[in-house]
Amino acid sequence: MTYSLPRLVTLTFALCALPGAASALCAAPPDLNGVWRANDGGTYYVRQAGTQVWWVGLSSDNGKTWTNVFHGTRSGNVVKGTWADVPRGNVRSGGTLTLNIAGTTGVLGFTRAGSSGGFGGSKWFMPCDDTVLNPVD
């Protein structure tokens, strides 16, 4: 059976609306706003306004081990900025961070392309079908 492109697009959006939908079929958001997880065990609360990107990142113990803030500028699929640990956690460092954004469909993510100051995380992800991280109100 042959499907025309409009049917395939309709099917894709319908699948993304279902809980537990296959993430490879879901469209990535146009910006980075949301709650992200990273391979350092942290949770990152990201806000993008225009080309400006901010976040607060907390270690898995609610930020007691480390809490950091970041401010950068997005240009296409690259974000460059500075980060610093803040006194909520025990770690004290800071430096620069360059991130590469990947994913126009499926799971949106970004990876650390460069850093200074010993930043721990190197991969962040935001599943489009994760109702725990992205609840529907």
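Here, every reference points to the structure presented above.
Residues numbered from 1 in each chain as written. Predicted model: local features only at pLDDT ≥ 70, side-chain atom pairs only at ≥ 80, totals over all residues. Heavy atoms only, no water.

Enquirer: Explanation requested: the overall build of the protein in the structure shown.
Expert: When helices and strands are tallied, the protein shows 1 helix and 8 strands. Secondary structure elements in the protein, listed N-terminal to C-terminal, are α-β-β-β-β-β-β-β-β. Counting all 137 residues of the protein, 33% fall into the buried class. Sequence-distant contacts, at least 24 apart, represent 33% of the contacts inside the protein between residues at least 6 apart. Only carbon and sulfur atoms are counted for the fraction: they give 59% of the accessible area of the protein, which is about 7,800 Å². (Helix = DSSP H or I, 4+ residues; strand = E, 2+ residues; numbered from the N terminus. Buried < 20%, exposed > 50% of the residue type's maximum accessible area, 1.4 Å probe, protein only. Contact = heavy atoms within 4.5 Å. Areas by Shrake-Rupley, 256 points an atom, 1.4 Å probe, with all protein chains shown as cover.)

Enquirer: Sorry if this is basic, but what is going on with the side chain of Ser59 here?
Expert: Mapped onto the elements of the fold, Ser59 is located in the loop between strand E3 (52-58) and strand E4 (67-75). Given a relative accessible area of 7%, Ser59 falls into the buried group. Look past the residues within four positions of Ser59 in its chain and what remains in contact with it is Gly41, Gly42, Lys64, Thr65 and Trp66.

Enquirer: Explain empty space enclosed by the protein here, please?
Expert: Which parts of space are left empty comes out when a probe the size of a water molecule is rolled across the atoms. For the coordinates displayed, the defined rule picks out 1 cavity of 30 Å³ or more. Space inside the largest cavity adds up to approximately 40 Å³. Around the largest cavity, the lining residues are Leu32, Val46, Val53, Trp55, Val79, Leu99, Ile101 and Phe110. Taken together, the elements giving at least two residues each to the lining of the largest cavity come down to E3 and strand E6 (94-102). Its residues assigned to classes, the lining of the largest cavity comprises 8 nonpolar, no polar and no charged. (1 Å grid on protein atoms, 1.4 Å probe; cavity = no way out; pocket = protein on both sides within 12 Å on 5 of 7 lines; lining within 4 Å. Points joined across faces, edges and corners; volume = space filled by probe spheres on them. Nonpolar A, V, L, I, M, F, W, Y, C, P; charged D, E, K, R; others polar.)

Enquirer: Any chance you could explain the environment of Arg37 here in plain terms?
Expert: Assignment of secondary structure puts Arg37 in strand E1 (residues 34-38). Relative accessible area serves as the criterion here: at 30%, Arg37 is assigned to the partly exposed category. The spacing of Arg37 and Ser60 is 23 residues in sequence and 9.9 Å in space, taken between C-alpha atoms.

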